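# Understanding the architecture of this molecule
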Amino acid sequence: MNTKQYKIWTVYCECGEKLVKYRKKGPGRLRKIHRDRIAKDFTGLFFDDTSPIGTDVFCPACKNRIATIQKVNGKYVNKVNQGQLGVIRK
């Protein structure tokens, strides 16, 4: 994976729980978390998840929904709930 085209972002829940280090591609906000771009999964919620499409992903600390599993262009992604994301450190 060519790391020059990616920026590493640390993503937190609104409650402050550290969720993932993510290889963000392109400009703009974080809309989807692709499983193959996760550098480190601090909670184990995203990387090894084999849940079916439509399953909600909840923060282990505050129990609020942070994403929903969807299939986009043949890949399983976590569609992010923008209102539940906290600080993102770039």
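All values reported here derive from a predicted model rather than from experimental measurement. Counting starts from 1 at the beginning of each chain's written sequence and moves along it residue by residue. This being a predicted model, a pLDDT of at least 70 is required before a residue's local features are given, and a value of 80 or more before pairs of side-chain atoms are given or counted; all residues contribute to the totals for chains, interfaces and linings. Where side-chain values are given, they derive from all heavy atoms of the structure, hydrogens and water being excluded.

## Remarks on the layout of surface pockets
Note the following rule: Here a cavity denotes a set of grid points, spaced 1 Å apart and computed over the protein atoms alone, in which a 1.4 Å probe fits but from which it cannot get out, and a pocket denotes an open set meeting protein on both sides within 12 Å along at least five of seven lines; residues with an atom within 4 Å of a point are reported as lining. Grid points are joined across faces, edges and corners, and a volume is the space filled by probe spheres set on the points. For helices the rule is a DSSP run of H or I covering at least 4 residues; for strands it is a run of E covering at least 2, with both sets numbered from the N terminus onward. Here the nonpolar group is Ala, Val, Leu, Ile, Met, Phe, Trp, Tyr, Cys and Pro; Asp, Glu, Lys and Arg are the charged ones; every other residue, Gly included, is treated as polar.
Roughly 160 Å³ of volume is contained in the largest pocket. What lines the largest pocket is simply Tyr-22, Lys-24, Lys-25, Pro-27, Arg-29, Leu-30, Arg-31, Lys-32, His-34 and Arg-37. Mapped onto the lining of the largest pocket, the elements with two or more residues apiece are β2 (18-25) and β3 (32-34). Partitioning the lining of the largest pocket into residue classes produces 3 nonpolar, 1 polar and 6 charged.

## Here we look at the nonpolar core
We count it as follows: Take the buried Ala, Val, Leu, Ile, Met, Phe, Trp, Tyr and Cys residues and link them wherever side-chain atoms come within 4.5 Å; each set so joined is a nonpolar core. Exposed residues in this analysis have more than 50% of their type's maximum accessible area, buried residues have under 20%, and partly exposed residues fall in between, with area computed by a 1.4 Å probe over protein chains only.
Among the nonpolar cores identified, the biggest contains 17 residues, and Val-11, Val-20, Tyr-22, Leu-30, Ile-33, Phe-46 and Ile-66 are the most heavily contacted of them. Within the residue set of this core, elements represented by two or more residues are β1 (6-13), β2 and β6 (65-72).

## Here we look at the sheet that holds strand β5 (residues 56-58)
Filter applied, for reference: When DSSP finds at least two bridges between two strands, those strands are taken to pair. For helices, the fitted axis covers only the stretch in contact; all axes are lines through C-alpha atoms, and the angles between them, taken along N-to-C directions, range from 0 to 180 degrees.
Strand order in this open sheet of 4 strands is β3-β7-β6-β5, and the pairing throughout is antiparallel. Either end of the sheet is taken by a strand with one partner, and the two such strands are β3 and β5. Taken over all neighbouring pairs, the strand axes of this sheet differ in orientation by 35 degrees on average, direction set aside. Bridge count for β5 against β6 is 3 bridges, and the pairing is antiparallel. Note that in β6 the partner of Asp-56 across the bridge is Thr-68.

## Here we look at the sheet that holds strand β4 (residues 38-41)
Taken together, 4 strands build an open sheet; the order of strands is β4-β2-β1-β8 and the sheet is antiparallel. The open sheet has two edge strands with one neighbour each: β4 and β8 (85-89). Each neighbouring strand pair of the sheet contributes to a mean axis angle of 20 degrees, computed without reference to strand direction. Where β1 and β2 come together, 7 bridges link them in antiparallel fashion. Within β2, the position partnered with Tyr-6 by the bridge is Lys-25.

## Some details on a positive patch on the surface
Spelled out, the test is: Patch members must show over 30% relative accessible area and no salt bridge, and they are joined within 9 Å when carrying like charges or within 5 Å when they are nonpolar side chains of Val, Leu, Ile, Met, Phe, Trp or Tyr. Here the Shrake-Rupley method, with its probe set to 1.4 Å, supplies the accessible areas, and only the displayed protein chains count as covering residues. When a carboxyl oxygen of Asp or Glu lies within 4 Å of a side-chain nitrogen of Lys or Arg, that pair is called a salt bridge. His is not counted here, nor are the chain ends, while Lys and Arg score as positive and Asp and Glu score as negative. All charge positions are set by atom: Lys at NZ, Arg at CZ, Asp at CG, Glu at CD.
A contiguous patch of positive charge on the surface is contributed by Lys-18, Lys-21, Lys-40 and Arg-89. Judged by its relative accessible area of 48%, Arg-89 falls in the partly exposed class.

## Structural notes on the side chain of Lys-24
To be explicit about the condition: Identification of polar contacts relies on pairs of N or O atoms within 3.5 Å, with a donor-acceptor requirement for protein atoms, meaning one able to donate a hydrogen and the other able to accept it, and with residues adjacent in sequence counted only if both atoms are side-chain atoms.
Residue position: Lys-24 is located in strand β2. Of the side chains with opposite charge, Asp-36 lies nearest to the buried Lys-24, which makes no salt bridge, at 13 Å. Polar contacts involving the side chain of Lys-24 include one to the main-chain carbonyl oxygen of Gly-26, which spans 3.2 Å.

## What about the packing of aromatic side chains?
Condition: Two aromatic rings from Phe, Tyr or Trp, using only the six-membered ring of Trp, form a pair when their centres are within 6.5 Å; if the ring planes differ by under 30 degrees the pair is stacked, by over 60 it is edge-to-face, and anything between is tilted. Lysine NZ or arginine CZ positioned within 6 Å of the ring centre and within 35 degrees of the ring normal marks a charge as sitting over the ring.
Counted under the stated rule, the structure contains 0 aromatic pairs. Here the basic side chain of Lys-18 rests over the ring of Phe-42, its NZ or CZ set 4.7 Å away from the ring centre. Its guanidinium or amino end placed over the ring of Trp-9, Lys-24 lies 5.5 Å from that ring's centre, counting from NZ or CZ.

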